[in-house]
Amino acid sequence: MKMQKQDAVCIIPLPWKGDRYRHKLHSICSRICSFPPSLAKYFILNYSNEGDIVFDPFSGKGTLPLEALLNNRIGWGNDVSPEAYILTKAKVDKIIPKIFFQYLKKLKSQMGFIKSTEDVDPKVKVFYHDSTLKQIIELKELLKNKKSKYAIFTKAIILGILHGSSSYSLSLRCSHSYSMSPGYVKKYAEKNGLEKPIRDVIDCIKNKSLNCLKEGVPSFCGKAFNYDSRNIKIDSDSVDLIVTSPPYFAIQTYAYDNWLRHWFLGYDYKDVNRLLVNTNSEEKYGQFMLDSMKEMYRVLKEGSKCFIVIGDVKKKTSKGDVVINTAEFLIKYVKEAGFTFERIIIDKIPQGRKVFNSALCSAGISTERILVLEK
Ligand SMILES: C[S@@+](CC[C@H](N)C(=O)[O-])C[C@H]1O[C@@H](n2cnc3c(N)ncnc32)[C@H](O)[C@@H]1O
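Note that the structure is predicted; figures quoted are calculated from it, not measured.

Rules used in this analysis
- Residues numbered from 1 in each chain as written.
- Predicted model: local features only at pLDDT ≥ 70, side-chain atom pairs only at ≥ 80, totals over all residues.
- Heavy atoms only, no water.
- Helix = DSSP H or I, 4+ residues; strand = E, 2+ residues; numbered from the N terminus.
- Expected span 1.5 Å × (residues − 1).
- Buried < 20%, exposed > 50% of the residue type's maximum accessible area, 1.4 Å probe, protein only.
- Contact = heavy atoms within 4.5 Å.
- 1 Å grid on protein atoms, 1.4 Å probe; cavity = no way out; pocket = protein on both sides within 12 Å on 5 of 7 lines; lining within 4 Å.
- Points joined across faces, edges and corners; volume = space filled by probe spheres on them.
- Salt bridge = Lys/Arg side-chain N within 4 Å of Asp/Glu carboxyl O.
- Axes fitted to C-alpha atoms, helices over the stretch in contact; angles between N-to-C directions.
- Parallel < 35°, antiparallel > 145°, perpendicular 65-115°, else oblique.
- Nonpolar A, V, L, I, M, F, W, Y, C, P; charged D, E, K, R; others polar.
- Polar contact = N/O pair within 3.5 Å; in protein donor to acceptor, adjacent residues only side chain to side chain.
- Disulfide = S-S within 2.5 Å.
- pLDDT = per-residue confidence, 0-100.
- Near = heavy atom within 4 Å.
- Areas by Shrake-Rupley, 256 points an atom, 1.4 Å probe, with all protein chains shown as cover.

Colleague: Could you clarify how one ought to interpret helix 13 (residues 282–299) in this entry?
Modeller: Residues three or four positions apart in an α-helix share a direction because the helix packs 3.6 residues into each turn. Across its 18 residues, helix 13 extends 26 Å between first and last C-alpha, which sits within 8% of the 26 Å expected from 1.5 Å per residue. Along helix 13, the residues that are buried comprise Tyr 285, Gly 286, Phe 288, Met 289, Leu 290, Ser 292, Met 293, Glu 295, Met 296 and Val 299. Summarising the contacts, the buried residues of helix 13 are in contact with strand 2 (53–56), strand 5 (239–244), strand 6 (300–311) and helix 14 (326–336).

What follows is the structure, given as structure tokens:
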């Protein structure tokens with residue numbers, strides 16, 4: 001069912017809602033604020049053709065580019081955050097599983113050189129048994145600055161098991177989707193007697209990868225970029241479709257929510273935070289979105305569509321909380337960026353949707369809207 005051009009605001013039963021299937025590669029790493037693969041697939045199938053370039057300038061864990069590749073399109077993703085870039089790149093660079101498992105074997109043969117974890121940040125130690133931590137540090141060292149697709153895939157799998165509660169999670173039992181606060185985890189673990197598991201880290205990577213690769217890899221290759229959305233170094237008029245979800249106004253928790261993953265990749269989350277828009281000012285957020293949408297407009301081909309998934313947010317003011325309908329707020333910027341505004345589709349966020357962490361829930365996001373634009 002393709003949506004018809006109709007009213008400026010269109011509340012419809014969303015066609016992708018019932019589709020719960022997701023290809024196993026989507027499960028490399030859970031990350032807050034991801035949209036479901038079924039949403040990406042719906043727009044890809046209805047608004048692009050096989051072989052087209054489909055792009056997400058805020059790609060997060062790479063849901064859109066992977067779904068594009070799975071549907072015989074060329075998936076491109078861009079994200080300024082280093083861990084999101086790794087996750088996106090792991091999904092668009094086609095790996096050969098046999099070579100990947102040989103690569104893991106070689107990594108294992110190089111391990112065993114760390115004797116002590118004395119110098120490791122105590123905040124990190126909260127999460128790991130000493131024996132597991134030694135292996136994590138060795139892999140951190142061995143993979144540092146390594147850019148081959150097998151190194152990237154290994155890093156992505158490690159990001160996905162660095163914390164969580166599955167049989168291959170490396171940490172004590174905690175959230176899989178976001179890196180929890182060490183202070184909170186320490187107290188909770190002491191109170192509830194949580195044990196730090198002793199893991200063979202390479203075995204855990206292998207088992208997690210076997211699961212993610214169960215359904216194979218796409219036959220198409222895509223591209224991953226690591227630019228600020230306001231200055232993406234890709235050609236003008238090169239993209240056939242954009243489906244994206246930018247950072248929400250007044251909610252800039254991506255850096256801290258991934259602090260442990262950043263640590264593994266060799267970054268301080270505070271430095272990553274400086275790369276992201278960090279503002280509670282509507283004017284500054286509007287300017288950021290205007291500049292980002294100008295880039296989206298530039299890279300899109302004439303007549304192509306752009307779908308922007310964006311949530312309402314609650315903003316604290318001296319007069320109490322005010323709900324901001326971000327999609328409507330953005331309309332004037334959309335037009336200034338050059339786009340023709342078509343309509344807004346409403347998507348109610350179901351209660352308990354896993355990808356929304358407590359920060360977003362307490363920020364009062366209950367409705368997501370999809371801005372439909374055309375170049
Ligand atoms: C709502 S999330 C996107 C989630 C993605 N659709 C998915 O399914 O995983 C927004 C993303 O924007 C990224 N981001 C924030 N500021 C950015 C910027 N200036 N340039 C590029 N990416 C940015 C964040 O790192 C975050 O991954």
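Moving on, there is more to tell.
Colleague: What is the right way to read the layout of surface pockets from this model?
Modeller: Here the second largest pocket defines a volume of roughly 420 Å³. Lining the second largest pocket are 19 residues, and of these Ile 86, Asn 145, Lys 155, Leu 265 and Tyr 267 sit closest to its centre. If you list the elements that add at least two residues to the lining of the second largest pocket, you get helix 3 (82–92), helix 6 (130–143), helix 7 (149–161) and helix 11 (259–265).

Colleague: Help me out: how do you make sense of the pattern of salt bridges in this one?
Modeller: Two side chains that carry opposite charge are able to pair once their charged atoms sit near each other. One pass over the structure, following the stated rule, counts 16 salt bridges. Where Glu 83 meets Arg 31, a salt bridge forms, and the shortest distance between an N and an O atom there is 2.9 Å. With a gap of 52 residues between them, Glu 83 in helix 3 and Arg 31 in the loop between strand 1 (9–11) and helix 1 (37–47) connect regions that are remote in the sequence. As far as the burial class goes, Glu 83 and Arg 31 line up, both buried. Two residues, Asp 240 and Lys 301, come together in a salt bridge whose shortest N-O distance is 3.0 Å. Within this pair, whereas Asp 240 is found in strand 5, its partner Lys 301 is found in strand 6, the two being separated by 61 residues in sequence. Assessed through its relative accessible area of 14%, Asp 240 is described here as buried.

Colleague: Is there a simple way to explain the packing of helix 2 (residues 63–70) against helix 3 in this structure?
Modeller: The relative placement of two packed helices comes down to the angle between their axes together with the axis-to-axis distance. Two numbers describe how helix 2 lies on helix 3: the axes approach to 9 Å, and their chain directions differ by 5 degrees. Relative to helix 3, the element helix 2 is oriented roughly parallel. The segment helix 2 lies against helix 3, with Pro 65, Leu 66 and Leu 69 engaging Thr 88, Lys 91 and Val 92. Of the residues contributing to the contact of helix 2 with helix 3, the split by class is 4 nonpolar, 1 polar and 1 charged.

Colleague: For this particular structure, what's the right way to read the environment of Glu 342?
Modeller: Turning to its location among the elements, Glu 342 is positioned in strand 9 (residues 340–348). By relative accessible area, which is 12% here, Glu 342 ends up buried. Along the sequence, Glu 342 and Lys 305 sit 37 residues apart, while their C-alpha atoms lie 9.7 Å from each other. A polar contact is formed between the side chain of Glu 342 and the side chain of Lys 305, at a distance of 3.0 Å.

Colleague: What exactly am I supposed to notice about the environment of Lys 41 here?
Modeller: Residue placement: Lys 41 occurs in helix 1. When the C-alpha atoms of Lys 41 and Ala 156 are compared, they prove to be 22 Å apart, with 115 residues separating the residues in sequence. Apart from residues lying up to four places away in sequence, Lys 41 is in contact with Asp 19, Glu 67 and Asn 71.

Colleague: Can you help me understand the state of the cysteines in this one?
Modeller: Two cysteines joined by a covalent bond between their sulfur atoms form a disulfide. The final tally for this structure, using the stated rule, is 0 disulfides. In this model Cys 212 remains outside any disulfide bridge; the closest cysteine sulfur is found in Cys 29, 9.6 Å from its own.

Colleague: Would you mind going over the confidence of the model for the protein with me for this structure?
Modeller: If pLDDT is low for a region, its predicted coordinates should not be looked at in detail. Overall, the predicted model of the protein reaches an average pLDDT of 90, with 91% of residues at or above 70. Every residue in residues 1–6 scores below 50 in pLDDT, and together they form 18 contacts with partners more than four places removed in sequence or on other chains.

Colleague: Just checking my understanding: could you explain the site of the ligand for this structure?
Modeller: The environment of the ligand is made up of 23 residues, and the closest members are Arg 31, Lys 61, Thr 63, Asp 79 and Ser 229. Contacts to the ligand include Arg 31, whose side-chain N or O atom sits 2.7 Å from an oxygen atom. Between the ligand and Ser 34, the relevant distance is 3.5 Å, taken from an oxygen atom to a side-chain nitrogen or oxygen of the residue. Look at the ligand: alone it shows 610 Å² of surface, and the protein chains cover 100% of it. When grouped by side-chain class, the residues that make up the shell around the ligand number 11 nonpolar, 7 polar and 5 charged.

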